[in-house]
Each structure stands twice: as C-alpha cells, then as structure tokens.
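Fold and contact review
Given next are the chains, with one letter for each unit.
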Amino acid sequence: MSASIAAPAANAANEPGDEGLRLPIAGMTCASCVARVEKALKAVPGVSGASVNLATEVATIKVASTVTMEALAKVVERAGYEIGREETDLAIRGMTCASCVARVEKALGKVPGVLSATVNLATERAHVVAVAGTGLDKLRKAVAAAGYEADTAGLEKAGAVPAARGLPDWWPVALSALLTAPLLVPMLGYAFGAHWALPGWLQLALATPVQFWLGGRFYRAGWKAVKAFTGNMDLLVALGTSAAYGLSLYELFLGAAGAHELYFETAAALITFILLGKWLEARAKRQTTEAIRALNALRPDRALVRRDGGDVEVPLASVAVGDVVVVRPGERVPVDGEVREGRSHVDESLITGESLPVAKGSGDRVTGGSINADGLLLVETRAIGAETTLSRIIRLVENAQAAKAPIQRIVDKVSAVFVPVVLVIALVTLLAWGFAAGNWTSAILYAVAVLVIACPCALGLATPTAIMAGTGVAARRGILIKDAEALEIAHSITTVAFDKTGTLTEGRPQLVAIEPLAGEPRELLRLAAALQQGSQHPLARAVVEKSSAEGVIVPAASEAKALPGRGVQAQVEGRILYLGSSRLMQELGIDTSALGERAQALAREGRSISLLASEARGTRSLLGLLAFGDAVKAGAREAIAALHAQGVKTVMLTGDNRGSAEAAARALGIDEVRAEVLPADKAQVVSALRGKDKIVAMVGDGINDAPALAAADVGIAMATGTDVAMHTAGITLMRGDPKLVADAISVSRRTYNKIRQNLFWAFFYNVVGIPLAAFGFLNPIIAGAAMAFSSVSVVTNALMLRRWRPTGG
C-alpha cells in the first residue's frame, strides 16, 4: 500500500470497538482545528460522539452502523482537513463475469475503513482507496469470503484450467476437444442418414473427465458463489451441464431398456466450447494491454555511468540524480536528463508519438526510453525511477485502464440481478414445459439452454476492454487519458477553448517581420544580429536565431552598450548602430515617419517593434524596423480545421488587445475570440461557455491555465507546459502539437462507439437468446457455443480500436 496522504496514525484501527471508530486526520495545527473537526463530525446523523487528539492526529468516533466511512471523510474534508488515505491495487483471481465484479466490489466496500473500491473484469484487478491503516489482510479476507482470491503480486489469468508445468495454456481446451469429438461424430452422421451411436458406457467414459476434471473449475467457482449466497456464470454452466449429464446417467442406468436417449455430448460440448471461448477471450484481453507492455519494454535494465573518469555499467536502480550517463548510438536513454556533451538525433516516437527523430544537443532535455540514433551523448540525470516521464505515463495509462466509465454503472446494476433472474427463468422454463407438455426430458434440455445461453461475461467485458484498447492506442500516439470519465465526456465535446500563448503559438518571441527603409531585408538582419549576438534578452535571441537559420554571416561588434529601457548600441563596420524603441529614436532625433504607418499596423496586430538606425560622420538615419511576435505553431491552422470537420466550435482566450486577437483568429480560422482576458478570469470565461448541451474542453499549458482546465468539462494540457496544468487536466498531450486535440476527440469518439456497440450486442444477445432458449428454439449445444463466443466477439470488437490512426496518420 502507498499512502497518498501522509497520516501519522497510519496504524490506527478502523473498526468500531469499545472505544469507537478511529480515523486519522491530516492538516490540523492547533486546538481550534480540533474543535472544528469535532464539531463537523458530531453534526453527522448517526454520530453520537467524537473526540480528536491533536498529538496523535486521530479522531475517535462513536457511530451507528448506518454511517459510512465515505460520509465521515467528506465531512472532514469540507471542514478543511484530510483523511489519511492509502491506495491499493489487488490482483483478483476467480472472476468470470460481471456478477463477480459486483460481488467483489460489494465485499471490499463493506470493509471498515474502505472509502471506495473499483473492480475491472478485463484487467482482473481491484483498486481500493481506504483510510490509512486499514490493512491488506482485511481486504484479502473480505475477497476470500466472497469466494475469490486477492493478492498484490502478479496476476494469473482467471478462467484458465490450471496448466501443468511446462505445458501450453491451450492444453485443457485441446484435450477437452479430443474427448468430445467422438461424441459429436454421430451427430454428423445423422445428417447423412447414418446411425453411429457410441455405446453408452463409452460415452460416459469420454464425457466424465470433461465434466468433472476439465470442467471442474465451474463447480469450484459455482460452489464459492453459492456459499456467498449469490450467483455467477460458473454456477449457470455447472447447473446446465450437470443437468444434461445427470439426465444422461438416468437414461443410461434407469431408463427404458434399449431406448436410451443420452445427452453426454451436450454436456461435454458445452464445456469444450466455453473453455475454448475463455481461452480465446484471455488471449484477446492480453492484446488489450499491449500498450502497457510496449511502454514497460522501453525501460533499460542497466546504464553506463561515467564515474572517476571511467565508464561503469551498473543496474538502473543504482543510478542517482546528478550522475552522468553515457548513451551510445543505438541505445535507449535510461533516465530523464539533460545533455551535457554531444549531438545526436533521438527517436521519441513511443513516448510522444512524434514519428521523426528530434535533434538534441548540449542543454536539451532527453526522456528515458527514447532511442539515441547517431551520436554519443553524455546525459546528466534529472529524474529516476517512479519520477521519470515514462513511469508517469505508465501510471496514467494503468489508472485509466483500471477506472470505470460512468456508463459502466448501469451495467453493474443489471449484472447484480442478472444471474438470479436467469435462474428463475430456467426454473419457470423447466416447470412450464414439464407440466404443460409432460415431456420432462425436453423441459430439462430447454432449461439447460436457458442457463448456458445467458452471458454475463459479455456485459462485464463490454466497457473495460474498449477503454483499455482506446487508452492504449491513444498513449502510443502521444495522447494520455487520465481516466475513463474524461474519455467518456470527451466524445461529446462541442466547444474547444484554446489559451493562445504556448498552445496555438510557440510561447516565445520570434522575428516575424523585417522592414528595411531601403535595400534587402537580409542586410538589415545582418546588422541587427551584430548588435544582438552577445545578449541573452528574448528579443535578442530571436534575432540571432533568425540570422542563424537564414545562414547570415554576422559581422563583429565592439563597444556594445545596453541602453536600459530603450535598446542597445554598438560599433559595427566603422559606424555606430542603434536598435531599440521609438522612444530611443526620439531621443536621438531620428525621423521615423517613413515607417510610421507600418509600425502602427504591426503594433495593432500585437507585435513588438524595434527600430534600427545608424550614425556615420555625425549623421543619424533610420535603416528599418524589426517586428517580433509569438509565432503560430506549425499545424495550428490544420488543427482548427480538423476540429471544425468534427463539428466542434473553437474559441481563443488571450490577454492581447482585440485587434491583435482577431487578426490571429482570422489567420487560424477560429470561430470566436475572447480578448483582453486576465489569467485570473479564464476559469470564469470557460464556465460561461458551458451550458445546456454544451460540453467544453479547455486546452492550456501554463500554471495560470490550471483553474480554467478544472472549470472545463474536460481539461486538455500540453506536456510541454507545467506539471500543475497536467495534474489538473483529464487529458495530457505528450507533445505541443495542437492537432492532437482533434485526435484526442477522435479516439474518444471511436472508443465510446465501441462501448455502445459492445453493450448493445451484449444486451441484445441476452434479450433475444434467453427467450429463444426458453421457448425451445435453441439446441443447448448451439446455445453454449453462442455464449462462449459472445464474450470473445466483444473483446475482438474492442481490439478493432488498434486500427485507429490520428489525423493525417
């Protein structure tokens, strides 16, 4: 267990006793805090007394059995404090259907101290949030009492007959098929008028190991369900096949001599088909976790560390922050860090989704798990272990795949009553056909068909498998979806609000216009770069970067001098050059009217203007102007167009003046502009955009975007921004490409469509199949085969999401 909120009283008992319920409280600092918490707890209906100890930070509460731990936690949090919590992931063995999920959740939820429990059938895991000190043993015992096994270790695939050591996992299916095949051959003969019936004793010999050895798992799991006063798929299969097998025994030993109607093939074929379906289902489910396995495979086991002048290969766990790691061409970067020496290209495709290698040099950040292409790099370690980008990505994907979508709650309610209802229908079928038609053999077979056609498995797998596949394929394309709720809401987004700076634009000044009074722009750039080449000012760096990109040869400058608040001057090629604001030009007495209108037009667009002038032989003259702006990101216009193609309205939020904002919006094709918005007001603007039938997403990257991200229905953060923004958002884009916003909506819509398709077929299959079986229109063997393959079809349909490709991909 890992405590998400530190609680000094981590070992506090959570069960009511003579002294009452003990609850760890975090955040108290004084006696007034104690009084506030006690008052809040005593106000809860059902609480007869509450005493808080500041020294141990534990509240002792006398409560009625009707008061839930979650209710107490909410009261404490509303008072401004926190409950010491711990989160645990458990591997659950023995679950086979949605009814099992509901039962395990209910069992865990009843454990004193548990605040919430979520069980995922596809991953066969439970995520439990509990009060600190609840204890793992209590959780295990609760799961065991419900008829299942729980552990924190790795998970064996439930649903498979235990394989002998060294044998493949398909051997039970193959053996069952071999034993069942001779029983089915006579059925084929009937189609050609042949009667190849096997002797009764031989049918018994072939069917018995299939029924009680290879099919023994259904009896074991079904018995556990009975002991827990509930039902599951295994119980339905055990009852159905036992009925067919028992009827055959009766006919064989007690039936009319020479007129045996045996149904051993029905029982054996049912078990074989269901085992085959479970095996195929397990294989398909493993494919839904392919994204996690691919990300885990990016982690190298060892690293080459430079120590004491030499290179030493050490286990990755031995690398510390600050260590210099040597990364040779073709190797994976083992840690997050900063390049100290060397130049190379790095392939980050499996982390960011960027298909082209990215150039890296001294001072650039590299991410653990990426591949060094063609140069030797010395990387100073900045993050290791759980704090690396790769580890955080894996945690996000795992959490999203383990979470439940809101639509799953409807399925859970149906699943809770599904098996009991099916048992009642089967009993009614048996009695109705038995008394009405007087043919109890047919009545039993029709009841068997009802039991085995019912499939709670497909219901349980419909949503989680689609979420696993969808979040997995999104992660491989650089889109991290934090939870299932964000995924479900994102499919219905109607409006996307963009923060302009850093999201649609690069977030740093660039030289966007060079306007010489006479001559070529390249010459003006050459002289400006000479003045700026030694400066670290953002505008100076923009000039130097532009000159470097244009291949301009920059002359040397001497006697450089900063003019605070106005600009800079220096001696270049025998004359004095000045670069600065209009105020500087006025002070120097330089006429700027020749470029005045152009300067004003650029200023209205939100550009920063610098003027370049020269002085030679006592004469000062204007040479031209430079305009700086936050350049629009490559692909931003295509991103807006992609959203419009999806029927999504676009809004831009910016602190720029309206003229500048509208000019940028026109260039990008954005529908609506909210200009002159202060950072503190962004959340209010986003809230105003929301309304009836309006689902709003907010896209941002900075600390000041966090409140707006939280105010939106779905927050989308650029990973190129701050951690605060990413923690607030429901979706994180691993690279600063605005086209990923449309891709995130696209994958969400595809995933949600798969969920709806799966649920439709799961419900439709049961709604149609059960009545057909009850009215005698389904042979039990066909019913069993259909049940076995219904869950396989649901998982296979979810796997179709792996074919999803992003815009232009």
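Owing to the predicted nature of the structure, the values given are computational and were not obtained by experimental measurement. (Residues numbered from 1 in each chain as written. Predicted model: local features only at pLDDT ≥ 70, side-chain atom pairs only at ≥ 80, totals over all residues. Heavy atoms only, no water.)

1. Observations concerning a nonpolar patch on the surface
On the surface, a nonpolar cluster with roughly 870 Å² of combined accessible area is contributed by Phe-760, Trp-761, Phe-764, Val-767, Val-768, Leu-772, Phe-775 and Phe-777. When you line up the elements, Phe-764 lands in helix H27 (residues 739–774). Look at Phe-764 and you get partly exposed, because its relative accessible area is 39%. (Patch = residues over 30% accessible without salt bridge, like charges linked within 9 Å, V, L, I, M, F, W, Y side chains within 5 Å. Areas by Shrake-Rupley, 256 points an atom, 1.4 Å probe, with all protein chains shown as cover. Salt bridge = Lys/Arg side-chain N within 4 Å of Asp/Glu carboxyl O. Helix = DSSP H or I, 4+ residues; strand = E, 2+ residues; numbered from the N terminus. Buried < 20%, exposed > 50% of the residue type's maximum accessible area, 1.4 Å probe, protein only.)

2. Structural notes on the confidence of the model for the protein
The predicted coordinates should not be examined in detail at positions where pLDDT is low. Scored by pLDDT, the protein comes out at a mean of 82, with 89% of its residues at no less than 70. Mean pLDDT per element in the protein: strand E1 (residues 2–3) is the minimum at 38, and helix H22 (residues 636–645) is the maximum at 94. Low confidence marks residues 1–19, where pLDDT is under 50. Its contacts with residues over four positions away, or in another chain, come to 55 contacts. Taken together, the stretch residues 154–165 has pLDDT below 50 and engages in 28 contacts with residues farther than four places along the chain or on a different chain. (pLDDT = per-residue confidence, 0-100. Contact = heavy atoms within 4.5 Å.)

3. Quick word on the pairing of strand E23 (residues 567–572)
As defined by bridge partners, strand E22 (residues 558–563) adjoins E23 across four bridges and the pair is classed as antiparallel. Paired with Lys-561 across the two strands is Gln-569, which belongs to E23. Sheet topology places E23 next to strand E24 (residues 575–580); six bridges connect them, and they run antiparallel. Residue Gly-567 lies in a different strand from E24, and its bridge partner there is Gly-580. Linking E23 back to E24 in an antiparallel pair, the connection comprises two residues, with Glu-573 at a positive phi of about 50 degrees. (Pairing = 2+ DSSP bridges.)

4. Examining the sheet that holds strand E16 (residues 365–366)
Strand order in the open sheet formed by six strands is E11-E10-E12-E18-E13-E16, with antiparallel pairing between adjacent strands. Two strands bound the open sheet, and with one partner strand each, they are strand E11 (310–315) and E16. Sheet topology places strand E13 (residues 336–341) next to E16; two bridges connect them, and they run antiparallel. Bridge pairing in E16 places Glu-338 opposite Arg-365.

5. Overview of the pattern of salt bridges
Applying the stated criterion across every chain yields a total of 24 salt bridges. As a salt-bridge pair, Asp-323 and Arg-307 come within 3.1 Å of each other at their nearest N and O atoms. Residue Asp-323 is located in the loop between E11 and strand E12 (324–327), and its partner Arg-307 is located in strand E10 (residues 302–307); the two are separated by 16 residues in the primary sequence. Note on Arg-307: relative accessible area 32%, which makes it partly exposed. Note that Lys-739 is salt-bridged to Asp-737, the shortest N-O span being 3.4 Å. Accessibility expressed as a relative area gives 26% for Lys-739, which makes it partly exposed.

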